[in-house]
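Working through the structure, step by step
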Amino acid sequence: MRQRRRAAVASAAALVLAGAGVMTMAGPARAAEVSYRTECLPPPISGLPPIAGTTKVAVDAPATAKVGDEITVVWKTVEGASKNPDILDLGEDTVQPTGTITVAGAQTGELAMEGPRRNPPIPKGGPMQLSDMTGKLTLTKPGEITLTPGFYNINVSKPISTDTKCSPKETVRPAVTVKVTDGGGSAGGSTGGSGSDPDGTAYQGKEVRVQYACKTPIGDKKAVSPVQIDAVKKGGGYDLTVRFKKSVMTSPADIPKGAVKPSMAVTVGGADKGSVKTEGPANAEPIKSGDPIEIPDLKGVYTPGATGTATLTPGVLTVNALGTTTTCTPEKDPGVSLTLDTAAQPGGTSGGSTSGSTTGSTTGSTTGSSGGSSAGTFGGSSGGAEASAGAGASGGTSGGLAQTGAADDGALTALGFLAGTLILLGGALVTVTPWRRLRR
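So, a few notes on the structure that sits alongside this text. This one's a predicted model, so the numbers in the text were calculated from it and none came from an experiment.

Remarks on the overall build of the protein
Looking only at helices and strands, the protein features 2 helices and 29 strands. By residue count, 53% of the 440 residues in the protein fall in the buried class. Of the accessible surface of the protein, which amounts to about 17000 Å², a share of 53% is contributed by carbon and sulfur atoms.

Re the side chain of Lys136
In this structure, Lys136 sits in strand β7 (residues 133–138). Nearest to the buried, unbridged Lys136 among oppositely charged side chains is Glu70, at 4.9 Å. Here Thr72 takes part through its side chain, which lies 2.7 Å from a polar atom of the side chain of Lys136.

Description of the pattern of salt bridges
If you walk through the whole model with that rule in mind, you get 8 salt bridges. Across the salt bridge formed by Asp297 and Arg243, the nearest N and O atoms sit 2.9 Å from each other. Of this pair, Asp297 sits in the loop between β19 (292–293) and β20 (298–302) while Arg243 sits in strand β15 (residues 237–244), placing them 54 residues apart in sequence. Like Arg243, Asp297 is buried.

Let's talk about the environment of Glu331
Considering the arrangement of structural elements, one finds Glu331 in the loop between β23 (324–330) and β24 (338–342). Between the alpha carbons of Glu331 and Val316 there is a distance of 9.9 Å; along the sequence they are 15 residues apart.

Things to note about the state of the cysteines
According to the stated counting rule, one finds 2 disulfides in the structure shown. There is a disulfide in this structure between Cys40 and Cys166, and the S-S distance comes to 2.2 Å. One disulfide, between Cys40 and Cys166, carries an S-S torsion of 115° and so falls in the right-handed class. With Cys40 in strand β1 (residues 29–41) and Cys166 in strand β9 (residues 162–168), this residue pair connects regions lying 126 residues apart in the sequence. Residue Cys40 is classed as buried on the basis of its relative accessible area of 0%. Using a relative accessible area of 0% as the deciding quantity, one classes Cys166 as buried. Across the disulfide, Cys214 is cross-linked to Cys328 (sulfur-sulfur distance 2.1 Å). Disulfide Cys214 to Cys328: torsion about the S-S bond roughly 115°, handedness right-handed.

Description of the packing of aromatic side chains
Taken as a whole and assessed by the stated rule, the structure comprises 3 aromatic pairs. Centre to centre, the rings of Trp75 and Tyr152 are 5.9 Å apart; their planes meet at 70°, and the pair counts as edge-to-face. You can see Trp75 sitting in strand β4 (residues 70–79) and its partner Tyr152 sitting in strand β8 (residues 143–156), a full 77 residues away along the chain. The same class applies to Trp75 and to Tyr152, which are both buried. Arranged with centres 6.0 Å apart and planes meeting at 20°, the rings of Tyr238 and Tyr302 form a pair that is stacked. Of this pair, Tyr238 sits in strand β15 while Tyr302 sits in strand β20, and the two are 64 residues apart along the sequence. Here the two residues Tyr238 and Tyr302 agree in accessibility, since each one is buried.

Rules used in this analysis
- Residues numbered from 1 in each chain as written.
- Predicted model: local features only at pLDDT ≥ 70, side-chain atom pairs only at ≥ 80, totals over all residues.
- Heavy atoms only, no water.
- Helix = DSSP H or I, 4+ residues; strand = E, 2+ residues; numbered from the N terminus.
- Buried < 20%, exposed > 50% of the residue type's maximum accessible area, 1.4 Å probe, protein only.
- Areas by Shrake-Rupley, 256 points an atom, 1.4 Å probe, with all protein chains shown as cover.
- Lys, Arg positive; Asp, Glu negative; His and termini not counted.
- Salt bridge = Lys/Arg side-chain N within 4 Å of Asp/Glu carboxyl O.
- Polar contact = N/O pair within 3.5 Å; in protein donor to acceptor, adjacent residues only side chain to side chain.
- Disulfide = S-S within 2.5 Å.
- Phe/Tyr/Trp six-rings, centres within 6.5 Å; stacked < 30°, edge-to-face > 60°.

Below you can see the structure in the form of structure tokens.
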């Protein structure tokens, strides 16, 4: 895996999320607090029963904005429904909240919220202190939209990664209403040139927000990641680069060099049909416990199987790590990242899949099998929680980090927790941590 992604790229992706400056058009921020009855489910390993309580949340968002604007929404947990159980003191910066805000009115959907893993030490029995969560929403329709907080998850990374899931037990009233005026914004993907463009022509895709449902060795997880697909013309085909603009995975234990291998099946639509396999290199350096598992740029070769306008959309993402596989599938169509005007080539993708083998360079072979597939078996990792709006267009030439803990579950680990023992499946490292010892 490459060196840690440049902090500026990760920060820009998290803050801009494909918006390229449109936030300056939004009106003054407004905040409102709501309370709702909540049931929190402690991690099964704790043996604790469900906890009933009240959640108090303040939501910040602009009062007015225009279609095409990207607005920042902030969730401030004034009071959590549950406290830290009388089992363990929680260390500094071990707690990370994620949640979901329901968008209703002129625009509907779910907005994934995520806060940093930042907290003071929390003693046994003390109130949970959660960082502020933020989310980015691209406005697509004029009218009034409401923002309503709901489900949230509390992930604790040490001594083992655990999740406490908190769900509303009553109808929650909207916290904020945003008035959206018609600004003439566009939600379309970036479009490349014609099939006759010269070799070396570069096409920059649109960053889209992918909401993933992931199957992991420790159960189902959800997360979200901004993804961008770029292309460079090469002969009759295109060298593809899939870039992740945010961390999707954190590691709860040390992972050796070469143990994590990512890839993605890019879905081909429009005039062409099928999928293109893109792959990234395995991690070149060991990954320390608590560090993000980065998704490097994924490379593949797209050979058009049809003449016309083809679309490229992020598809299924998987990570192979230490003998385990985490597969993440978009919960809904994230939207087209790149559109290309193509000319059909022999052995092209249409109706099948294109496999690009990429070791250092973007060379590959094309396989024109019938009965196309938008999924594949590969190794990458991402998670996707629901975010009601797709992302706007964004520049950028570098891939990103991938961070687990978006949406309604905590860090993807590609590791197994079984009977109170932390096991690095498929690896040589086994750390035995009986829960009864932790309770002492």
